[in-house]
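Fold and geometry: a report
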Amino acid sequence: MIGRLNHVAIAVPDLEAAAAQYRTMLGANVGAPQDEPGHGVTVIFIELPNTKIELLYPLGEGSPIQGFLDKNPSGGIHHVCYEVDDILAARDHLKTEGARVLGDGEPKIGAHGKPVLFLHPKDFQGTLVELEQV
Ligand code: CO
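Residues numbered from 1 in each chain as written. Predicted model: local features only at pLDDT ≥ 70, side-chain atom pairs only at ≥ 80, totals over all residues. Heavy atoms only, no water.

Re the coordination of the cobalt ion
Rules: Metal coordination here is assigned from N, O and S atoms located within 2.8 Å of the ion, or within 3.2 Å for Na, K and Ca; omission of water means that sites may look incomplete. A four-donor site is classed as tetrahedral when every donor-metal-donor angle falls between 85 and 135 degrees; four donors are called square planar, and six octahedral, when trans pairs exceed 155 degrees and all remaining angles lie between 65 and 115, with any other arrangement labelled irregular. Secondary structure elements are taken from DSSP: a helix is a run of H or I of four residues or more, a strand is a run of E of two residues or more, and numbering for both begins at the N terminus.
Coordination of the cobalt ion by the protein is provided by H7 (NE2), E54 (OE), H79 (NE2) and E130 (OE), with metal-donor distances spanning 2.0 to 2.5 Å. In this structure, the cobalt ion is coordinated by four donor atoms arranged in irregular fashion, with angles at the metal of 85 to 172 degrees. Mapped onto the polypeptide sequence, the residues donating to the cobalt ion form the spacing pattern H-x46-E-x24-H-x50-E. Of the two residues, H7 is situated in strand β1 (residues 5-11) and E54 in strand β5 (residues 52-58); the sequence distance between them amounts to 47 residues.

Structural notes on the pattern of salt bridges
The following threshold applies: Basic side-chain nitrogens of Lys or Arg form a salt bridge, by our definition, when they fall within 4 Å of a carboxyl oxygen of Asp or Glu. Any residue under 20% of the maximum accessible area for its type is buried, any over 50% is exposed, and the rest in between are partly exposed; the area is computed with a 1.4 Å probe on protein chains only.
Evaluation of the coordinates by the stated rule reveals five salt bridges. Close ionic contact of E83 with R4 constitutes a salt bridge, the shortest N to O distance being 3.0 Å. Separated by 79 residues along the polypeptide, E83 in strand β6 (residues 76-84) and R4 in the segment before β1 bring together distant segments of the chain. Look at E83 and you get buried, because its relative accessible area is 10%. In this structure, D104 and K108 form a salt bridge, with 3.6 Å as the shortest nitrogen-oxygen distance. Assessed through its relative accessible area of 54%, D104 is described here as exposed. Here K108 falls in the partly exposed class, since its relative accessible area comes to 43%. Where salt bridges share partners, they join R91, D92 and E106 into one cluster.

Quick look at the layout of surface pockets
Using a probe with the size of a water molecule, rolled over the atoms, empty space left in the structure can be pinpointed. Selection rule: Here a cavity means grid points, on a 1 Å grid over the protein atoms only, where a 1.4 Å probe fits yet cannot get out; a pocket means an open set of points with protein on both sides within 12 Å along at least five of seven lines; lining residues are those with an atom within 4 Å of a point. Grid points are joined across faces, edges and corners, and a volume is the space filled by probe spheres set on the points. The nonpolar class holds Ala, Val, Leu, Ile, Met, Phe, Trp, Tyr, Cys and Pro. Asp, Glu, Lys and Arg form the charged class, and all remaining residues, Gly among them, are polar.
The volume enclosed by the largest pocket comes to roughly 660 Å³. Around the largest pocket sit 31 residues that line it, and H39, P64, H78, F118 and L128 are the ones nearest its centre. Of all the secondary-structure elements, those providing two or more residues to the lining of the largest pocket are β4 (41-47), β5, α2 (64-71), β6, β8 (115-119) and β9 (129-133). Top element by residues in the lining of the largest pocket is α2. It accounts for four residues. Class assignment of the residues belonging to the lining of the largest pocket gives a composition of 13 nonpolar, eleven polar and seven charged.

Focus: the environment of F118
To be explicit about the condition: Note on definitions: a residue-residue contact is assigned when non-hydrogen atoms from the two residues lie within 4.5 Å.
Take F118: it is sitting in strand β8. Using a relative accessible area of 23% as the deciding quantity, one classes F118 as partly exposed. The spacing of F118 and L102 is 16 residues in sequence and 5.5 Å in space, taken between C-alpha atoms. Sequence-distant contacts of F118, defined by excluding residues within four places in its chain, comprise H79, R100, V101, L102, L128, V129 and E130.

Points about the pairing of β4
Here is the rule: Two strands pair under a simple rule: DSSP has to find at least two bridges between them.
By the criterion of burial, β4 is predominantly enclosed, with six of the seven residues buried. With two bridges connecting them, strand β2 (residues 29-30) and β4 associate as antiparallel partners. Each residue of the ladder has a partner; that of V30, found in β4, is I46. The pairing of strand β3 (residues 34-36) with β4 spans three bridges and is classified as antiparallel. Its bridge partner being in β4, Q34 is matched across the sheet by V43. Counted between consecutive antiparallel strands, the loop separating β3 from β4 contains four residues, among which G40 sits at a positive phi close to 70 degrees. Inspection of the sheet shows β4 paired to β5 by seven bridges, in the antiparallel sense.

Printed below as a string of structure tokens:
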């Protein structure tokens, strides 16, 4: 059911420093910051030949990333994102299999303008999983 690894998301305490490190130390193709008020994050995408890295930084009050950074002050891997062809079919299959979908269970438009869902980390080996319809 799942396809390509779309991205790995890393929560960072200093967005500019992280972007500069990927650009200069790692020689990666680093994009511009994008505010995503609906998700409470500012994101920077880093294009790698086979996938992307998504740097996440809190935006606004009550950002879900702030809580993560409070527990992981130096940052850390926040989620992985797998591509699916049909997000509603994927959701219904996962619910049948006993996995928990976060929020109201309806897909939201993610940072790439495509529908996304998040799955409970306790159901996936402690890893927050994002599904994106491509
Ligand atoms: Co993501």
